[in-house]
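Observations on chain architecture
Okay, here's what each chain looks like letter by letter:
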Amino acid sequence: MSATENEISATETPLNEAVFYRFQYRKTGQQFTGACSFPGLIVGTVVMVRTDHGLEPARIAGYSPICGCHGPKSQANHLIDRIAQRGELEKYANLVENEDLAFKSCAYLIEKHKLGMHLVRVERFFNGSKMIFYFTADSRVDFRALVKDLVQEFRTRVEMRQVGVRHETKMLGGIGTCGRELCCSSFIKNFDSVSIKMAKEQDLPLNPTKISGVCNRLLCCLTYEYETYKKQRKNLPKAGKRITVDGEQYLVKRQMPLQEAVIAENSAGEDIILKQEQWAPSQLIKKENPEKNMKRKKGGK
C-alpha cells in the first residue's frame, strides 16, 4: 500500500460505508472493533487508532463482519486512522519491552517499600506522556513514596490505579470452564452485578466451585439467560400450586422454563411432566372463576 493510502483518514468515508476490523493494543489484550475507510488490512498489520489521549498503535486481529450497517448504530467506538509508519513500528516494538521493564522495576519498589499491594499490569501511552500501574489490594495503600520513585526513574506522569479481582482477571486473561476464552477478557466492557438469585432462577447447583469463575466470583455468564428464565417462569404455575387437568388434580413440584412445562404429582403420588397445552386451559378456567363469583355476589345469588 502506498504512502498516500496509508495517510487516508477513517473519517473521510461515512461510517456506514467503512470497513470494520477487530484489533488489539497488546497481543494478550482484549479485542475491540474499529472502523476505517480503506479495505485490505491483513491480520498482524499495525495500525494507528484514535484515542482520547492521541494515536495508539494496535494490531489487526481479524475482519469484523458488521459492514453495511446504516444509521446511528453504524458508528464505531474506535476509528482506525491509518497504517503505522516505519518509525512507529520500531517504537511500538520497544513499547512492550519498556512496559515489561517498568513492571519489574515497580514490583521491586513495592517489595522495597513493603506495600500490601499486588501489581497486575503496566500501561504506557505511545506518546510517553503517562504510565498507568494497575494493582490489587485488600485495603487502601499509601503509595506516595512509590509514585515519587517511579516518577524519578521514568521521568513521566505516573498514575496508580487500584482494580478489583474481576478487572485483574480481565487483564490477565485465561480459559473458562466452558473451554473458551474468558468473557471478561474477550468482549465484556462493563461488569454487571451477579447474584446467587440468578443461579437459583436457572436451577443451577449452588456449589461455589460450579458457579464461580477464575476470579473466584460468581460467573458473569449467569446474567446472560437470567431474564429469559425469569420471563418464562411467570407463565408457569408456581411450585406448591394445585392445577386441574382433564378433571384430575395435580400438585406442581417443579417448573421447567425452557420446556414450558411443569413436573406435577398426581393423586397416585407419581411425578408427571405436564406441558403448557395441557395445563394452560385449566389455568384460564381458574382465572375466570373469581370473576363469576363476584358477579354472583353482586346479583345476590
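The following paragraphs examine the structure supplied in this document. (Residues numbered from 1 in each chain as written. Predicted model: local features only at pLDDT ≥ 70, side-chain atom pairs only at ≥ 80, totals over all residues. Heavy atoms only, no water.)

**Topic: the sheet that holds strand β7 (residues 130–136)**
- Across the sheet, which stays open at both edges, the three strands sit in the order β6-β7-β8 with mixed pairing between neighbours. If you trace the sheet from one side to the other, it starts and ends with β6 (118–124) and β8 (157–162), each paired once. Taking each pair of neighbouring strands and ignoring which way they run, the sheet shows an average axis angle of 20 degrees.
- With six bridges joining them, β7 and β8 adopt parallel strand pairing. What sits directly across from Met 131, in β8, is Val 158.
- With respect to the sheet, helix α3 (residues 144–154) is in contact with β6, β7 and β8, its orientation differing from that of β8 by roughly 140 degrees.
- Contacting β6 and β7, helix α4 (residues 165–172) crosses the sheet at an angle of about 55 degrees to β6. (Pairing = 2+ DSSP bridges. Helix = DSSP H or I, 4+ residues; strand = E, 2+ residues; numbered from the N terminus. Axes fitted to C-alpha atoms, helices over the stretch in contact; angles between N-to-C directions. Contact = heavy atoms within 4.5 Å.)

**Quick word on the layout of surface pockets**
- As a volume, the largest pocket reaches approximately 790 Å³.
- Forming the walls of the largest pocket are 23 residues, and the residues nearest its centre are Tyr 25, Phe 32, Arg 121, Glu 123 and Tyr 134.
- Where the lining of the largest pocket is concerned, the elements lending two or more residues are β3 (46–51), β6, β7 and α4.
- Split into classes, the residues belonging to the lining of the largest pocket amount to seven nonpolar, six polar and 10 charged. (1 Å grid on protein atoms, 1.4 Å probe; cavity = no way out; pocket = protein on both sides within 12 Å on 5 of 7 lines; lining within 4 Å. Points joined across faces, edges and corners; volume = space filled by probe spheres on them. Nonpolar A, V, L, I, M, F, W, Y, C, P; charged D, E, K, R; others polar.)

**Notes on the sheet that holds strand β2 (residues 31–36)**
- With mixed pairing, the five strands of this closed barrel are ordered in space as β1-β2-β5-β3-β4. Direction aside, neighbouring strands of the sheet carry axes that sit 55 degrees apart on average.
- Bridge count for β3 against strand β4 (residues 54–63) is six bridges, and the pairing is antiparallel. Bridging from a neighbouring strand, Arg 50 pairs with Leu 55 of β4.

**Structural notes on the nonpolar core**
- Formed by 19 residues in total, the largest nonpolar core has its most connected members in Ile 110, Met 117, Phe 133, Leu 146, Leu 150 and Met 160.
- Put simply, the parts of the chain that give this core at least two residues each are α2 (86–113), β6, β7, α3 and β8.
- What Phe 133 contacts, discounting residues up to four positions off in sequence, is Ala 102, Cys 106, Leu 119, Arg 121, Val 122, Leu 150, Phe 154, Val 158, Glu 159, Met 160 and Arg 161.
- Among the nonpolar cores identified, the runner-up in size contains 14 residues, and Val 19, Cys 36, Leu 41 and Ile 83 belong to it. (Core = buried A, V, L, I, M, F, W, Y, C linked by side-chain atoms within 4.5 Å. Buried < 20%, exposed > 50% of the residue type's maximum accessible area, 1.4 Å probe, protein only.)

**Here we look at α3**
- Leu 146, Val 147, Leu 150 and Phe 154 are the residues of α3 that are buried. Viewed end-on, α3 has its buried residues packed into an arc of 95 degrees, placing them on one side of the element. Away from its buried face, by an angle of more than 90 degrees, α3 presents the exposed residues Arg 144, Lys 148 and Gln 152.
- Of the surrounding secondary structure, the elements contacted by the buried residues of α3 are α2, β6, β7 and β8.
- Once α3 ends, the next one or two residues include Arg 155, with phi positive near 55 degrees. (Arc of directions from axis to C-beta.)

**Notes on unusual backbone geometry**
- Within the chain, Arg 155 stands out as a residue other than glycine whose phi angle is a positive 55 degrees.
- The residue Arg 155 is located in the loop between α3 and β8 in this model.
- Owing to a relative accessible area of 68%, Arg 155 belongs among the exposed residues under this scheme.
- At Glu 260, a position not held by glycine, the phi torsion is positive, near 55 degrees.
- Residue position: Glu 260 is located in the loop between β10 (248–256) and β11 (261–265).

**Examining the side chain of Gln 30**
- Its location among the elements puts Gln 30 in the loop between β1 (19–24) and β2.
- Reaching out from Gln 30, the side chain makes a polar contact with the backbone oxygen of Phe 187 at a distance of 3.4 Å.
- In this structure the side chain of Gln 30 is engaged in a polar contact, spanning 3.1 Å, whose partner is the backbone oxygen of Ile 188. (Polar contact = N/O pair within 3.5 Å; in protein donor to acceptor, adjacent residues only side chain to side chain.)

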